[in-house]
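Letter by letter, the chains look like this.
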Amino acid sequence: MKKWTILAPLGLAALGAAFALTRKKAAPAAKAPAGKQPAPAKAPANLKTGSYSFISGFRDASTVEMSLDYDADKFSYAVVSEDFLSYSSDSHVALLQGEDFSLQIEYAAYFTGEDFAAHCAGLAEKHKSFGPVRYGSVDAVKYLEGDNLCFCVPIPGDGQSYVLVLLFKDKGNDTPLPDMAQDPDLCAILSSVRFNRH
């Protein structure tokens with residue numbers, strides 16, 4: 001497998017209400033959805049941090065930096081402007097590639113007048129597999145689309161953009177794609193996601 005070098009059940013109404021309330025009060029992330037929460041793996045010895053920055057918004061644009069931690073013995077991390085794992089209209093994406101699965105991380109803008117709750121409502125109508133997930137203190141939603149397990153992660157205090165994480169399962173990985181949401185390495189990675197605005 002090609003390695004990259006470092007370049008730089010809860011109802012939809014309750015989920016939407018939780019995120020709407022969070023946005024109105026500018027409070028920390030919404031309360032964890034009901035259900036089993038995956039347990040993250042133990043901290044690896046060779047822990048590294050990858051960062052991914054992008055511009056959010058138009059009139060009041062700001063730079064958002066997303067950071068995450070990963071096991072450098074299992075994964076390579078890169079921010080690239082070509083050779084994406086899947087098509088993206090973004091100028092650059094972050095790639096975290098491992099032997100069992102790889103992630104493509106990209107920023108995405110809401111449609112005019114939309115927020116995370118409205119975005120989730122649209123996804124729930126389109127994907128039967130849609131559902132809320134929580135990794136550590138990180139609230140998100142997940143759904144299946146083709147051969148990908150997709151995660152949408154809201155950016156606290158940002159009404160313009162969110163982060164889309166696409167999971168690609170390796171051909172040698174026989175874990176069913178839906179069950180990859182419970183993978184210990186994935187849980188550790190997504191639990192470590194954090195955002196800074198500049």
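Residues numbered from 1 in each chain as written. Predicted model: local features only at pLDDT ≥ 70, side-chain atom pairs only at ≥ 80, totals over all residues. Heavy atoms only, no water.

Chemist: Even after reading the chapter, I still don't get the sheet that holds strand β4 (residues 93-98), so can you show me in this structure?
Modeler: Strand pairing in a sheet relies on backbone hydrogen bonds, with the paired strands running either antiparallel or parallel. Reading across the sheet, the 7 strands line up as β3-β4-β5-β9-β8-β7-β6 and stay open at both edges, with antiparallel pairing between neighbours. Edge positions in the sheet fall to β3 (75-80) and β6 (131-135), since each of these pairs with one other strand and no more. Going across the sheet, the axis of each strand differs from the next one's by a mean of 25 degrees, ignoring polarity. Relative to strand β5 (residues 101-109), helix α3 (residues 184-191) is tilted by about 30 degrees, and along the sheet it contacts β3, β4, β5, β6, β7 (138-145), β8 (148-154) and β9 (161-169). (Pairing = 2+ DSSP bridges. Helix = DSSP H or I, 4+ residues; strand = E, 2+ residues; numbered from the N terminus. Axes fitted to C-alpha atoms, helices over the stretch in contact; angles between N-to-C directions. Contact = heavy atoms within 4.5 Å.)

Chemist: Please explain the pattern of salt bridges as it appears in this structure.
Modeler: Opposite charge on two side chains permits pairing when their charged atoms draw close. As enumerated under the stated definition, the model contains 5 salt bridges in all. The salt bridge partner of Glu145 is Lys126, with a shortest N-O separation of 3.8 Å. Of the two residues, Glu145 sits in strand β7 while Lys126 sits in helix α2 (residues 116-126), which places them 19 residues apart along the sequence. On the basis of relative accessible area, Glu145 is assigned to the partly exposed category, the value being 35%. A residue is classified by how much of its surface remains accessible, and Lys126, at 62% relative accessible area, is exposed. One salt bridge in this structure joins Asp139 and Arg134, with 3.5 Å as the shortest N-O distance. (Salt bridge = Lys/Arg side-chain N within 4 Å of Asp/Glu carboxyl O. Buried < 20%, exposed > 50% of the residue type's maximum accessible area, 1.4 Å probe, protein only.)

Chemist: Mind showing me how you'd approach the packing of aromatic side chains here?
Modeler: How two aromatic rings sit relative to each other is set out by the distance from centre to centre and by the angle between their planes. Under the criterion given, the structure shown has 7 aromatic pairs. Ring geometry for Tyr52 against Phe54: centres 5.5 Å apart, planes inclined by 45 degrees, an arrangement best described as tilted. With respect to burial, Tyr52 and Phe54 carry one shared label: buried. For the pair Tyr135 and Phe151, a centre-to-centre distance of 6.0 Å together with 70 degrees between the ring planes defines the contact as edge-to-face. Of the two residues, Tyr135 is situated in strand β6 and Phe151 in strand β8; the sequence distance between them amounts to 16 residues. Of the two residues, Tyr135 and Phe151, neither departs from the other in class, the shared state being buried. An aromatic cluster of at least three residues, connected via ring pairs, comprises Tyr52, Phe54 and Tyr107. (Phe/Tyr/Trp six-rings, centres within 6.5 Å; stacked < 30°, edge-to-face > 60°.)

Chemist: What am I meant to see in the side chain of Ser56 here?
Modeler: The topology assignment puts Ser56 in strand β1 (residues 47-56). Residue classification places Ser56 among the buried positions, given a relative accessible area of 1%. Polar contacts involving the side chain of Ser56 include one to the side chain of Ser161, which spans 2.8 Å. Sequence-distant contacts of Ser56, that is, excluding residues within four places in its chain, are made with Ala61, Ser62, Val64, Asp158, Gln160 and Ser161. (Polar contact = N/O pair within 3.5 Å; in protein donor to acceptor, adjacent residues only side chain to side chain.)

Chemist: Is there a simple way to explain the side chain of His119 in this structure?
Modeler: Checked against the element boundaries, His119 lands in helix α2. When its relative accessible area of 11% is taken as the criterion, His119 is described as buried. Leave out the neighbours within four places in its chain, and His119 touches Tyr110, Glu114, Cys152 and Tyr162.

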